[in-house]
Amino acid sequence: MLKFKNKFKFGTSHQSNDNANNNGSDGNHGQGSSNQSIGSTNGSSPGAASVSRHSSMYSRKTISLNSVADNMHKLGINDHDASSTEKSTAASRHPAHEGKSGEDDGRRPLSSSGTVAASSASTSTKDSSGSPAPQATSTGQSSASSSSLSSGPGMLTVKIYNSSDIRLPIKMNNNRQILHTLASNASTDETSRKLVKALNDLSSKQDSSASAEFLPQEEATDYLPSIITIPNGENLKKSLLYLTVEFDNNVLVIEPSNGTVSQSTWNQVVSFDVTKKSTSVVGSNFLSLNLFIRLPNILIPESEKTQKKNLFTNNQASSQSNNIGDLLIGTIKLPLNLNYHSDPIRLMNHEYLNFTNYNITEEGRKNTLGSIMLTIDFKPMSKKQLSIEDFDLLKVIGKGSFGKVMQVVKKDTKQIYALKTLRKQHIISRMEVTHTLAERTVLARINNPFIVPLKFSFQSPEKLYLVLSFINGGELFWHLQREGSFSMNRSRFYIAELLTALESLHELNVVYRDLKPENILLDYQGHIALCDFGLCKLNMADNDKTNTFCGTPEYLAPELLLNQGYTRNVDWWTLGTLLYEMLTGLPPFYDDDVPTMYRKILQNPLKFPPFLDKTDAQDLLTKLLQKDPSHRLSDAATIKSHPFFKDIDWNKLLSKNYLPPFKPNVDSLLDTSNFDSDFTNEKPQDSVVDDFLSESMQKQFGGWTYNGDNVLS
Ligand SMILES: Nc1ncnc2c1ncn2[C@@H]1O[C@H](COP(=O)(O)OP(=O)(O)OP(=O)(O)O)[C@@H](O)[C@H]1O
């Protein structure tokens, strides 16, 4: 049977009655319990028996609500609500769409905090001689602290001058030949001469008859260039050292211009748009710097490869690979509690910040890993309405139901973003106004490091635009399809990040309803970024119920199939389904035939392949995949405290201080190689459309615009 993934879905048989003003079936808050006790099993093949690895043939089938209705008829399930809802749904934008409106009440402004710019990292100030004079400041009070606020968003500029006394958290092999080769290819003659001399001095220092197996750890980086010129006639430069600078999920990668790994010159400036006003949530609005080194494999001792595996990123799909990946030297996290200033402000002036590595032992962390000198400025931007003219269009990267998604660059800040366009006429004719506004509202309100951040939204008479952080590590779907399944640790890492994302949504009384690998992007470093909020429903407090059929067949919870109302607890069912799929390669009740799959979801017992026997994963899955929602784990705190997550430090996770177990192959923010070439080969353009919308139609999109200081009005 041929199956298509959402993104390639065909047909646009939207027949929606849903609009912003009607009152559909979704939203029966407070109605009686629908906790269904699912009967015992009499189904066909058990889940585990049908488990096989993802193959290149496997891709997610998207359902329309009509097909749900058909299937439910076949199953003999009461579908009176479904049929009314289903007729009113959009079949192609999402697996299934609901027929409810009024989801946008409960609007609240983003919280804001009254204080101004502060950082808390261990810092040292550079003295007049140019050498770092260590000095601890807990608040980064070199930053000015005016409390005057302006209402417009701003721009954060980070200048990176030079790094100093960088040390590696591992031992390094003393391989003279490769060290000399690297030294002689240093990017400038001066550095090259310096390194060769240092290596010769080291040789004469060491007893050659018993030449040391390892370089002296404190000095190892003195013998490595930070950037080399590859001697292939083209003077291609390859940087051994690189720094990722991240703010609000936008990651920029910079390389030094010269120097040794120990002392490098960078002289780089990067900028970020600041749109989120509040920073009270752990893990958000950090400026994060991660310093990595691409070490030739031959310089890494075997013992370090095995014992300190968690310090290396791994960008190889196969665990058999010899490529151990890049080594994380250290991290700097700067919590920027930004409020908007009416005047430009210098938050940090030529300060040295020390690197820490959260993935080495407490003991190891006491040793300094070096520092880097920064200046950070915040400049308020004049408040103006954005338009498509403010962006250069770079590549088409995807297609949504209402328009294209493009990689773009914002002309003033040179920031790269994903721009999602939605054609108003299509939204109205498919009666999707409510859902579209819900997506925008959730994105503007949410503040979680594992949810793709909305930076701006604006509109033209014909179109709506969402400007999102550009996440270019590829969809989890493609990675899972390519690799078949994930290891326990890798699955745990993704599920833990997603758990906090769902927790944040539930805290905002939002149910997500469409968790699946297709809606999960990996960022540059391999962290999760949940996207596609078009199936979200707002105003779902703890026990509130709704009964709209939506989701993806493989991930539908039994109570949703039974059509007697469900709570936000369905998200925990989908989390269990996702964990099962990651570990085994297929969802738990998978069947090629959708009606059979529904029957299995409702009736079959959960079965596990032998490798999951008696594991914490098995126990967690059993508790998440309870058919009776009243027996299911039902809140994030309880799930977090399950033994499956016993080694997870949730604050460390929220601060993105775990090194992801897999690093996607991404060169830079410009890299679109993880997107389908069918899209990227297309000419990027904002198509001209000739739609006329009446004033009342336009009014429905009234509060769309967002530049960080408002919510939907
Ligand atoms: N922030 C982003 N960064 C990178 N790529 C993105 C981003 N947002 C969306 N995309 C790409 O664009 C595609 C379509 O986007 P999205 O899923 O949000 O649209 P949609 O209209 O909700 O789609 P669908 O009709 O499949 O539900 C995604 O599959 C993804 O590959």
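Computed from a predicted structure; not experimentally measured.

What counts, and where the lines are drawn
Residues numbered from 1 in each chain as written. Predicted model: local features only at pLDDT ≥ 70, side-chain atom pairs only at ≥ 80, totals over all residues. Heavy atoms only, no water. Domains from an automatic or database assignment. Contact = heavy atoms within 4.5 Å. Buried area = accessible area lost by both parts, 1.4 Å probe. Helix = DSSP H or I, 4+ residues; strand = E, 2+ residues; numbered from the N terminus. Buried < 20%, exposed > 50% of the residue type's maximum accessible area, 1.4 Å probe, protein only. Polar contact = N/O pair within 3.5 Å; in protein donor to acceptor, adjacent residues only side chain to side chain. Expected span 1.5 Å × (residues − 1). Pairing = 2+ DSSP bridges. Axes fitted to C-alpha atoms, helices over the stretch in contact; angles between N-to-C directions. 1 Å grid on protein atoms, 1.4 Å probe; cavity = no way out; pocket = protein on both sides within 12 Å on 5 of 7 lines; lining within 4 Å. Points joined across faces, edges and corners; volume = space filled by probe spheres on them. Nonpolar A, V, L, I, M, F, W, Y, C, P; charged D, E, K, R; others polar. Arc of directions from axis to C-beta. UniProt positions renumbered as here; feature names shortened; annotations may be inferred. Parallel < 35°, antiparallel > 145°, perpendicular 65-115°, else oblique. Phe/Tyr/Trp six-rings, centres within 6.5 Å; stacked < 30°, edge-to-face > 60°. Salt bridge = Lys/Arg side-chain N within 4 Å of Asp/Glu carboxyl O.

## Quick notes on the domain arrangement of the protein
You'll often see interface size given as the accessible area lost when the parts meet.
(1) Moving on: As far as domains go, the protein holds domain 1 (154-380), domain 2 (388-448 + 677-701) and domain 3 (474-655).
(2) Moving on: The C-alpha centroid of domain 3 is placed 28 Å from the C-alpha centroid of domain 2.
(3) Moving on: Contacts between domain 2 and domain 3 engage 9 residues on the former and 12 residues on the latter.
(4) Moving on: Both sides together, the interface formed by domain 2 and domain 3 hides about 900 Å², and carbon and sulfur atoms give 70% of it.

## Observations concerning the side chain of Ser 288
(1) Moving on: Position of Ser 288 among the secondary structure elements: in strand 10 (residues 286-293).
(2) Moving on: Here Ser 288 falls in the buried class, since its relative accessible area comes to 4%.
(3) Moving on: Reaching out from Ser 288, the side chain makes a polar contact with the side chain of Lys 333 at a distance of 3.2 Å.
(4) Moving on: Residues within four places of Ser 288 in sequence aside, it is in contact with Thr 244, Val 245, Glu 246, Ile 332 and Lys 333.

## Re helix 8 (residues 433-445)
(1) Moving on: Its 13 residues place the ends of helix 8 18 Å apart at the C-alpha level, agreeing with the 18 Å of an ideal helix rising 1.5 Å per residue.
(2) Moving on: Counted residue by residue, helix 8 has 13 buried out of 13 residues, so it is predominantly covered.

## A word on the sheet that holds strand 16 (residues 416-423)
(1) Moving on: If you trace the 5 strands from one edge of the open sheet to the other, you get 14-15-16-18-17, paired in antiparallel fashion. At either margin of the open sheet sits one strand with a lone partner, and together these are strand 14 (391-400) and strand 17 (454-459). Here the strands of the sheet are splayed against their neighbours by 25° on average, with no regard to which way each runs.
(2) Moving on: Sheet analysis places strand 14 next to strand 15 (residues 403-410), joined by 8 bridges and oriented antiparallel. Residue pairing for strand 15: Gly 398 is matched across the bridge by Val 405.
(3) Moving on: Running at roughly 30° to strand 18 (residues 463-469), helix 8 makes contact with strand 16, strand 17 and strand 18 of the sheet.

## Some remarks on empty space enclosed by the protein
(1) Moving on: Throughout the structure, instances matching the rule amount to 5 cavities of 30 Å³ or more.
(2) Moving on: What the second largest cavity holds in volume is close to 50 Å³.
(3) Moving on: Tallied by class, residues from the lining of the second largest cavity come to 6 nonpolar, 3 polar and 1 charged.

## Some points on helix 3 (residues 176-184)
(1) Moving on: For helix 3, the set of buried residues is Leu 179, Leu 182 and Ala 183. The buried residues of helix 3 occupy one face: seen down the axis, they fall within an arc of 100°.
(2) Moving on: Along its buried surface, helix 3 packs onto helix 4 (189-205) and strand 4 (227-230).

## Description of the UniProt feature "binding site: ATP" (unreviewed entry) in the protein
(1) Moving on: If you check UniProt for "binding site: ATP" (unreviewed entry), the listed places come out as Lys 420 in our numbering.
(2) Moving on: Relative to the elements of secondary structure, Lys 420 occurs in strand 16.
(3) Moving on: The class for Lys 420 is buried, based on a relative accessible area of 14%.
(4) Moving on: Reaching out from Lys 420, the side chain makes a polar contact with the side chain of Glu 439 at a distance of 3.0 Å.

## Here we look at the packing of helix 3 against helix 4
(1) Moving on: It is at 8 Å that the axes of helix 3 and helix 4 come closest, and there the two elements cross at 155°. As the angle between them shows, helix 3 and helix 4 are arranged roughly antiparallel. Across the interface between the two elements, Arg 176, Leu 179, His 180, Ala 183 and Ser 184 of helix 3 pack against Ser 192, Leu 195, Val 196, Leu 199, Asn 200, Leu 202 and Ser 203 of helix 4.
(2) Moving on: Taken together, the residues of the contact of helix 3 with helix 4 break down into 6 nonpolar, 5 polar and 1 charged.

## Side note on the packing of aromatic side chains
(1) Moving on: Evaluated as defined, the whole model comprises 14 aromatic pairs.
(2) Moving on: Note on Phe 470 and Phe 675: the rings are 5.6 Å apart at their centroids and 20° apart in plane angle, and the pair reads as stacked. With Phe 470 in the loop between strand 18 and helix 9 (476-483) and Phe 675 in the loop between helix 16 (650-654) and helix 17 (677-680), the pair connects residues that are 205 residues apart, well separated along the chain. Side by side, Phe 470 and Phe 675 carry an identical accessibility label, which is buried.
(3) Moving on: Note on Phe 486 and Tyr 494: the rings are 5.5 Å apart at their centroids and 65° apart in plane angle, and the pair reads as edge-to-face. In this structure, Phe 486 and Tyr 494 share a single accessibility class: buried.
(4) Moving on: What links up through ring pairs into an aromatic cluster is the set Phe 391, Phe 458 and Tyr 465.

## So, the pairing of strand 11 (residues 327-335)
(1) Moving on: The buried count for strand 11 comes to 8 of 9 residues, which makes it a mostly enclosed element.
(2) Moving on: In terms of strand pairing, strand 10 meets strand 11 through 8 bridges, oriented antiparallel. When the sheet's bridge partners are listed, Leu 291 is paired in strand 11 with Gly 330.

## Topic: the pairing of strand 7 (residues 250-254)
(1) Moving on: For strand 7, the buried fraction is high: 4 of the 5 residues fall into the buried class.
(2) Moving on: In this sheet, strand 7 lies alongside strand 6 (residues 241-247) in antiparallel orientation, the contact comprising 5 bridges. Within the sheet, the bridge partner assigned to Val 245 lies in strand 7 and is Leu 252.
(3) Moving on: Between the end of strand 6 and the start of strand 7, which pair antiparallel, lie 2 residues, with Asp 248 showing a positive phi angle near 50°.

## Overview of the pattern of salt bridges
(1) Moving on: In the structure shown here, the tally under the stated rule is 24 salt bridges.
(2) Moving on: As a salt-bridge pair, Glu 439 and Lys 420 come within 3.0 Å of each other at their nearest N and O atoms. In this pair, Glu 439 is assigned in helix 8 and Lys 420 in strand 16, connecting sequence segments 19 residues apart.
(3) Moving on: Residue classification places Glu 439 among the buried residues on the basis of a relative accessible area of 3%.
(4) Moving on: Here Asp 686 makes a salt bridge to Lys 463, at a shortest N to O gap of 2.9 Å. Of the two residues, Asp 686 is situated in the loop between helix 17 and helix 18 (695-699) and Lys 463 in strand 18; the sequence distance between them amounts to 223 residues.
(5) Moving on: Judged by its relative accessible area of 6%, Lys 463 is buried.
(6) Moving on: Several salt bridges share partner residues, and in doing so they unite Lys 159, Arg 346 and Asp 377 into one network.

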